[in-house]
Amino acid sequence: MTPNQPRVRVRVPAKVNVQLSVGPARPDGFHDLANVFLAVGLYDEITATPAETLRITCEGPDAGQVPLDHTNLAARAALTLAARHHIPPAVHLHITKDIPVAGGMAGGSADGAGALLACDRLWGLNSPRAELLDICAELGSDVPFSLLGGAALGTGRGEHLTPLPVGAPFSWVFAVADGGLSTPKVFQEFDRLTAGTPVPPPTANPALLTALSTGDPTALAATLTHSNDLQPAALTLRPSLTATLAAGTEAGALAALISGSGPTTAFLAKSPEAAADLAQALLTSGTCRTARVATSPAEGATVVEHTAEG
Ligand code: C5P
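Structural notes, computed from the coordinates. (Residues numbered from 1 in each chain as written. Predicted model: local features only at pLDDT ≥ 70, side-chain atom pairs only at ≥ 80, totals over all residues. Heavy atoms only, no water.)

1. As for the overall build of the protein chain
Okay, step 1: The helix and strand inventory of the protein chain stands at 10 helices and 11 strands.
Okay, step 2: By the compact-globule yardstick of 19 Å for 310 residues, the protein chain fits well, its C-alpha radius of gyration being 19 Å.
Okay, step 3: Oriented by its inertia axes, the alpha-carbon framework of the protein chain measures out at about 55 × 45 × 35 Å.
Okay, step 4: Buried residues in the protein chain amount to 52% of all 310 residues. (Helix = DSSP H or I, 4+ residues; strand = E, 2+ residues; numbered from the N terminus. Rg over C-alpha atoms; globule rule 2.2 N^0.38 Å. Buried < 20%, exposed > 50% of the residue type's maximum accessible area, 1.4 Å probe, protein only.)

Structure (structure tokens):
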């Protein structure tokens, strides 16, 4: 990296879905959702610097699993923004990856939202937030929430967001499994498991929204059983996750659920101290690759460094 180059660094959080209510498959293949997103404090960072052509690099323990071609949502974000403004996508995007890859925590979406914000600032476009959110929705169903952060109800395929109040921080442990799960395959499995039975329209659980707004972890935990309609599908595709969920419950988690389409499992704890103990117990149980402690909500995509040309 040349010292005098302009540089924009953006930090973007992971998410957990405290509710994922899934409706029947739509004619376009997507599913209508009532998706209660909560941003959690595990972050990827995207650093944008000028380059002759679009280039993606990635560092982090799981960097080897991240595609560096134009299928990466960060690349698609840069290409989409550049095309809209009729400018060349002349940027190097470096991803510092800490969010589990293909884990159901929106790591790819985070990189898309982060790259979009970083390119927008690097190229001096300063687009209005509503325009960035529109581009995010084009990139993927979860990408608008990665930009917004906090907590929100996502409807449609998850891209129409209504921010939600959160009364106090919640403490979580995320148990990371070996290997990822493909989101389309988990939705296909949901379709297979529900074939022949009527799937009701998705609805947000009012008790869950109240528990979020009061910040009461015990009340929230009481609403998390069966709150993720993708959980049976993820467990069918990855039966070993049943043991991870059981290990967290035995170790005192207030609630245990699959994060989004999995295979990361999420455990709600009553305090940061309880979360640290729970993470240790999960590691000792041998039912996960690693266990990460994080709190929610977290801020959405944020510019943490903007260096002008020296
Ligand atoms: O929007 P995104 O590209 O992240 O979605 C990935 C895949 O997940 C879609 O191609 C679709 O198979 C599935 N999906 C869905 N319904 C949604 C969101 C995603 O079926 N609401």
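Read on, since the account is not over.
2. Section: the pairing of strand 4 (residues 91-96)
Okay, step 1: Of all six residues making up strand 4, five are buried, and the element is well covered by its neighbours.
Okay, step 2: When strand 2 (residues 31-50) meets strand 4, the two strands line up antiparallel, connected through six bridges. Counted as the bridge partner of T47 is H94 from strand 4.
Okay, step 3: Relative to strand 4, strand 3 (residues 55-59) runs parallel, the two sharing five bridges. Residue pairing across strands places R55 opposite H92, the latter belonging to strand 4.
Okay, step 4: Once you follow strand 3 into helix 1 (residues 73-84) and on to strand 4, the crossover reads as left-handed. (Pairing = 2+ DSSP bridges. Right-handed = clockwise from strand over helix to strand, strands pointing away.)

3. So, the nonpolar core
Okay, step 1: Judged by nonpolar contacts, the single largest core of 64 residues is most densely connected at V91, L93, W172, F174, L212 and L224.
Okay, step 2: When residues of this core are assigned to their parent elements, the largest contribution, eight residues, is made by helix 2 (residues 107-122).
Okay, step 3: Leaving out residues up to four positions away in the same chain, L224 has contacts with V18, W172, L208, A255, L257 and L268.
Okay, step 4: A177, A233, A275 and L282 belong to the second-largest nonpolar core, a separate cluster that totals 26 residues. (Core = buried A, V, L, I, M, F, W, Y, C linked by side-chain atoms within 4.5 Å. Contact = heavy atoms within 4.5 Å.)

4. Some words on the site of the ligand
Okay, step 1: In the vicinity of the ligand, the residues found are G29, F30, H31, L33, G140, S141, R157, T183, P184 and F187.
Okay, step 2: Side-chain polar atom of H31 to an oxygen atom of the ligand: 2.7 Å apart, as the coordinates give it.
Okay, step 3: In the environment of the ligand, a nitrogen atom lies 3.0 Å from a nitrogen or oxygen atom belonging to the backbone of R157.
Okay, step 4: When isolated, the ligand has an accessible area of 450 Å², and the protein chains bury 73% of it.
Okay, step 5: More than half of the atoms belonging to the ligand lie within 2 Å of the grid points that define the largest pocket.
Okay, step 6: Among the elements that take part in the shell around the ligand, helix 5 (residues 183-194) stands out by supplying three residues, more than any other. (Near = heavy atom within 4 Å. Polar contact = N/O pair within 3.5 Å; in protein donor to acceptor, adjacent residues only side chain to side chain. Areas by Shrake-Rupley, 256 points an atom, 1.4 Å probe, with all protein chains shown as cover. 1 Å grid on protein atoms, 1.4 Å probe; cavity = no way out; pocket = protein on both sides within 12 Å on 5 of 7 lines; lining within 4 Å. Sits in = over half its atoms within 2 Å of the grid points.)

5. Describing the side chain of S261
Okay, step 1: Along the chain, S261 falls in the loop between strand 8 (255-258) and strand 9 (265-269).
Okay, step 2: Residue S261 is classed as buried on the basis of its relative accessible area of 6%.
Okay, step 3: Looking at S261, its side chain comes within polar contact range of the side chain of T183, at 3.1 Å.
Okay, step 4: Non-local contacts of S261, meaning those with residues more than four positions away in its chain, are made with G104, L181, T183, V186, L230 and A234.

6. Details of the side chain of T223
Okay, step 1: Take T223: it is sitting in the loop between helix 7 (217-222) and helix 8 (231-237).
Okay, step 2: Excluding anything up to four places from it in sequence, T223 contacts N205, A207 and L208.

7. Thoughts on unusual backbone geometry
Okay, step 1: In this structure, P263 follows G262 across a cis peptide bond, with omega equal to 5°.
Okay, step 2: Assignment of secondary structure puts P263 in the loop between strand 8 and strand 9.
Okay, step 3: P297 follows S296 through a cis peptide bond whose omega is 0°.
Okay, step 4: Within the secondary structure, P297 sits in the loop between strand 10 (290-296) and strand 11 (302-307).
Okay, step 5: One non-glycine residue with positive phi stands out, namely H226, at about 60°.

8. A look at the environment of R11
Okay, step 1: Inspection of the secondary structure puts R11 in strand 1 (residues 7-25).
Okay, step 2: Using a relative accessible area of 26% as the deciding quantity, one classes R11 as partly exposed.
Okay, step 3: It is 6.6 Å that separates the C-alpha atoms of R11 and I46, two residues lying 35 residues apart in sequence.
Okay, step 4: For R11, the residues in contact, after removing those within four places along its chain, are Y43, D44, E45, E299, G300, A301, T302 and V304.

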